[in-house]
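Residue-level structural notes
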Amino acid sequence: MIPDETALDAFAQTLAGELRPGRTIALCGALGAGKTTLVRALVRALHGDDDAVSSPTFVFRNRYEGVPPVEHLDLYRIESPAELAELGLEDAFAPDALVIVEWPEHAPSLLPADALRIDITGVGAGPRTIRVGGGAAV
Ligand SMILES: Nc1ncnc2c1ncn2[C@@H]1O[C@H](COP(=O)(O)OP(=O)(O)O)[C@@H](O)[C@H]1O
Ligand SMILES: [Mg+2]
């Protein structure tokens, strides 16, 4: 159980220690679940700051330079394979980058088969539950 954003930061620190470059995270959860908030927390955990992070809802793609570079894709507004193809997001999946994809279900063909699925449940000011891969919920 993640009662607040301080706990989310602690979760992000632990998760950051387990992620390797080349990994893709499929980040699932309703609008307002905290997907973008978790991306920010992860970038802070990995890079020490999240200066470059802004809400990508209308941007589709943000890259955060650091070690490893973090590519953050938000596919909320993708409605068709043709629209996805126009964006040319394939080069985000570089072997040295950590790629985090919000709304991966909008573009199943884009993600590698070994993407790590993370599910966030809960909205508003309430607590969150996060499930990583097939593991136990925290
Ligand atoms: N424990 C928590 N974990 C994550 N976000 C939380 C938590 N408690 C409150 N929030 C708030 O919920 C909102 C989540 O928004 P956002 O991260 O943009 O969601 P999403 O990207 O999933 O649509 C933020 O305003 C954040 O401050
Ligand atoms: Mg978001």
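Residues numbered from 1 in each chain as written. Chains lettered and ligands numbered in written order. Predicted model: local features only at pLDDT ≥ 70, side-chain atom pairs only at ≥ 80, totals over all residues. Heavy atoms only, no water.

1. Points about the packing of aromatic side chains
Evaluated as defined, the whole model comprises one aromatic pair. For the pair Tyr 76 and Trp 103, a centre-to-centre distance of 5.1 Å together with 50 degrees between the ring planes defines the contact as tilted. Note that Tyr 76 is positioned in the loop between strand E3 (70–74) and helix H3 (81–87) and Trp 103 in the loop between strand E4 (98–102) and strand E5 (116–121), a separation of 27 residues in sequence. The exposure class assigned to Tyr 76 is partly exposed, which follows from its relative accessible area of 28%. (Phe/Tyr/Trp six-rings, centres within 6.5 Å; stacked < 30°, edge-to-face > 60°. Helix = DSSP H or I, 4+ residues; strand = E, 2+ residues; numbered from the N terminus. Buried < 20%, exposed > 50% of the residue type's maximum accessible area, 1.4 Å probe, protein only.)

2. Considering helix H1 (residues 5–16)
If you check H1, its first and last C-alpha atoms are 16 Å apart, about what 12 residues at 1.5 Å a residue would give, namely 16 Å. Taken residue by residue, H1 has Leu 8, Phe 11, Ala 12, Leu 15 and Ala 16 as its buried positions. Down the axis of H1, the sector holding all buried residues measures 130 degrees, keeping them to one side. When the buried face of H1 is taken as reference, the exposed residues oriented beyond 90 degrees from it are Thr 6 and Gln 13. Contacts made by the buried residues of H1 are with helix H2 (35–47), E5 and strand E6 (129–132). (Expected span 1.5 Å × (residues − 1). Arc of directions from axis to C-beta. Contact = heavy atoms within 4.5 Å.)

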